[in-house]
Amino acid sequence: MFDKLLFTVFLFFQVQVLVQHSVLAATNSANRVAHGLFKALSVCGPGADPMSDIVNMSSISAIEKTTFADYVTHSVPMTFENSNNSAISGSAADSEWKSFLPSNNGFLSKEIANDTVLFGISAFHAMHCLDTMRRILEVHYDVASADTVAKIQASAIYGSFYHIHHCLIYLREMVVCNADPALEHDIYYENGTAVFGGDGTNHTCRDFKALYDISEESDEAARTGCGLVAQIP
């Protein structure tokens, strides 16, 4: 009798696992996020376990604490430069903006359930959004590089209004999240020249270079562990 009961309980849990697996497999990404789950990308490819790349959102908080413990407590001074010091458009601007993204485009690689999983880092997501809107504006004003034109023509999504809208809202949320209280003012010199509000303003900032290095180092370790080259071309 006990053996039959034990078998029944075992069978019940097996069915529950199969049902949960089927529900997750059929659930779209929006619902997965709503339920605290998402399907992450993997450096090494899909794991043997079809559930191995389902990451619980609560685990991300723990990863953030261990990975960025020193980073979030460290600040650096930064003086905002005159925008005229930056490349305005074309290939020169492409190169300048590219220098702000790690070679893996700003992901964090972590070992989870025998898979090397990629997590996007918010700061580089924002940088991607800014670069996307820059490229679209350059095409609009006919000052874009051939690479930018080809990039937008190659993807219906990349240059779409939906993508721009997503980026605008994301950047707005980033500004609200960081809410920098530094005071700005226009500066007028005796010789009649002026600088725009914000130029030359001193800010207390997170160390962007440190975050850049964290992304690069995690990617190199992960790709070496996968038997792949350390850098993404």
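- Word for word, the UniProt comment on the chain under Pathway (unreviewed entry) is "Mycotoxin biosynthesis."
- UniProt, in the comment section headed Sequence similarities (unreviewed entry), describes the chain in these words: "Belongs to the ustYa family."

Examining the pattern of salt bridges
Thinking step 1. For the coordinates displayed, the defined rule picks out 7 salt bridges.
Thinking step 2. Note that R135 is salt-bridged to D131, the shortest N-O span being 3.1 Å. Taken together, the residues span about one helical turn, with R135 and D131 both in helix α5 (residues 122-140) at a distance of 4 residues.
Thinking step 3. We classify D131 as buried; its relative accessible area is 11%.
Thinking step 4. As a salt-bridge pair, D213 and K209 come within 2.8 Å of each other at their nearest N and O atoms. On the criterion of helical spacing, the pair formed by D213 and K209 is a turn pair, its members being 4 residues apart in helix α8 (residues 208-225).
Thinking step 5. One network of salt bridges, in which partners are shared, links D94, D131, R134, R135, E138 and D147.

Some thoughts on the packing of helix α4 (residues 90-98) against α5
Thinking step 1. In contact at an axis separation of 11 Å, α4 and α5 are set at 175° when each is read in the N-to-C sense. When the axis of α4 is compared with that of α5, the two are roughly antiparallel. Of α5, the residues touching α4 (which contributes G90, A93, D94 and W97) are M127, L130, D131, R134, R135 and E138.
Thinking step 2. Partitioned by chemical class, the residues of the contact of α4 with α5 number 4 nonpolar, 1 polar and 5 charged.

Topic: the nonpolar core
Thinking step 1. Within the largest apolar cluster, 15 residues are counted, with the highest numbers of intra-cluster contacts made by F68, L108, F119, F124 and L211.
Thinking step 2. Counting residues per element, the ones that place at least two in this core are α3 (57-67), β5 (107-112), β6 (115-120), α5 and α8.
Thinking step 3. Per-element tally for this core: the top contributor is α8, with 3 residues.
Thinking step 4. Setting aside its immediate chain neighbours within four residues, F68 contacts L108, L211 and I214.

Reading the values: the criteria
- Residues numbered from 1 in each chain as written.
- Predicted model: local features only at pLDDT ≥ 70, side-chain atom pairs only at ≥ 80, totals over all residues.
- Heavy atoms only, no water.
- UniProt positions renumbered as here; feature names shortened; annotations may be inferred.
- Salt bridge = Lys/Arg side-chain N within 4 Å of Asp/Glu carboxyl O.
- Helix = DSSP H or I, 4+ residues; strand = E, 2+ residues; numbered from the N terminus.
- Buried < 20%, exposed > 50% of the residue type's maximum accessible area, 1.4 Å probe, protein only.
- Axes fitted to C-alpha atoms, helices over the stretch in contact; angles between N-to-C directions.
- Parallel < 35°, antiparallel > 145°, perpendicular 65-115°, else oblique.
- Contact = heavy atoms within 4.5 Å.
- Nonpolar A, V, L, I, M, F, W, Y, C, P; charged D, E, K, R; others polar.
- Core = buried A, V, L, I, M, F, W, Y, C linked by side-chain atoms within 4.5 Å.

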